[in-house]
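Chain by chain, the residues run as shown.
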Amino acid sequence: MDKVGIGIIGLGNISAAYLKASQDFPVLDIRAVADMNPAAAKARADEFGLKAVDLDAIFTDPSIDIILNLTIPKAHVEVGLRAIDAGKHVYSEKPLGIVFAEGKKLVEAAKAKNLRVGSAPDTFLGGSHQTSRRLVDEGALGQLVGGTAYFMCPGHERWHPNPAFYYEAGGGPMLDMGPYYITDLVNLLGPVAKVSGFGTKLRDTRTITSKDRNGEIIPVHVPTHVSGTLVFHNGAVVQVTMSFDVAGHKHVPLEIYGTEASLIVPDPNHFGGQIQLLEKGGEWTDIATDMPYAEGNYRSIGLADMAHAIIEGRPHRCNGDLALHVLEVMEAFQTSSDTGRVIDITTPAERPAQLGSSLVNGILA
């Protein structure tokens, strides 16, 4: 099999998941890792039997084709632009950037050099989400009417070892969790046309209760409860709430409504989960997942699809246009809140191709 050289920048909390999952995709040849903290890079490299290098070396290494950018959100565009300037494709952890205008610069810079931008989340490529997509495309729901999307919790300071960045510029529940939900909604329903929303910040500080920094007080600089409505180009209307302020709730993560049936889609932060369908006049019924990549954490499948796409000369699914569209949608919630207006979305986006078209014997190839 042809392989694509990968260099990783940013060896924080999420990097272990990527490195473990990458072992499921032989097309990915991880050739070096780097971090602003050389000790962190060496520790992760030693853990996975990789080579740690300094930041300059990873950009100039001719054997590296794609930079996997796992830095904190506010560094995503800066690192991505440097990768593009070095002639590398770049695949970023979500979100693409923390400001739409900056994300647009990255996508445009890549197109000008005929390079690719990819971005998480790739969870919509998981088996349960692809099965849900097939049900929608087969017309099981009838005409699409709308849906709901909910993520609400008390905040990540309960468990994350270094949660302060979740409350700085580039953080908050919308930029943190919104990419999973909105990307999956675009996968299911197509691009968003309009957004209305409200964002609130009820507390100026948070107290960390996770083990390593228990009791430390951190400032809050971003809205921590965001709610609003998406209107899709196909006419569907979806209510969305993302919150770090809610003690608990009983909403399912995603519901999609049609004239003939309603669909419960599993948590878009995971690759699998139970799908349920209610046909008009019937009862909720469990639907078996019949697509692969549902039983496990495959946080590298989007990168692997991008690598295969480079080899095959086809579009990749977790592409820059999709990520930029999602970033514009997320930013529009706050713009709407600040201005009191409904915001028109300007970026085009296409529903990514179903994963099945790139599977050979149930494996991405």
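Here goes a summary of the coordinates provided. Computed from a prediction, not measured in an experiment: that's the story for all the values here.

**Re the overall build of the protein**
Part 1: Secondary structure summary: the protein contains nine helices and 18 strands in total.
Part 2: Relative to its length of 365 residues, the protein is compact, with a C-alpha radius of gyration of 20 Å against a globular reference of 21 Å.
Part 3: Along the first, second and third principal axes, the C-alpha atoms of the protein reach 60 × 50 × 40 Å.
Part 4: Evaluated residue by residue, the protein yields a buried proportion of 55% over its 365 residues.
Part 5: At a minimum sequence separation of 6, the contacts of the protein that also span at least 24 residues come to 72%.
Part 6: In the form shown here, the protein has an accessible surface area of approximately 15200 Å², with 53% of it arising from carbon and sulfur atoms.
Part 7: Positive and negative side-chain charges in the protein, numbering 31 and 42 respectively, have mean positions lying 2 Å apart.

**Thoughts on the sheet that holds strand β11 (residues 237–243)**
Part 1: The sheet built from nine strands is open, its strands ordered β15-β14-β13-β12-β6-β11-β10-β7-β16 with mixed pairing. On the outer flanks of this sheet lie β15 (284–287) and β16 (343–344), each paired with one strand and no other.
Part 2: Across eight bridges, strand β7 (residues 192–200) lies against strand β10 (residues 225–232) in antiparallel orientation. What sits directly across from T200, in β10, is H225.
Part 3: Where helix α7 (residues 172–189) meets the sheet, it contacts β6 (144–152), β7, β10, β11, β12 (254–258) and β13 (261–265), and its direction lies at approximately 160° from that of β11.

Here is what the cut-offs are and how they apply
Residues numbered from 1 in each chain as written. Predicted model: local features only at pLDDT ≥ 70, side-chain atom pairs only at ≥ 80, totals over all residues. Heavy atoms only, no water. Helix = DSSP H or I, 4+ residues; strand = E, 2+ residues; numbered from the N terminus. Rg over C-alpha atoms; globule rule 2.2 N^0.38 Å. Buried < 20%, exposed > 50% of the residue type's maximum accessible area, 1.4 Å probe, protein only. Contact = heavy atoms within 4.5 Å. Areas by Shrake-Rupley, 256 points an atom, 1.4 Å probe, with all protein chains shown as cover. Lys, Arg positive; Asp, Glu negative; His and termini not counted. Charge placed at Lys NZ, Arg CZ, Asp CG, Glu CD. Pairing = 2+ DSSP bridges. Axes fitted to C-alpha atoms, helices over the stretch in contact; angles between N-to-C directions.

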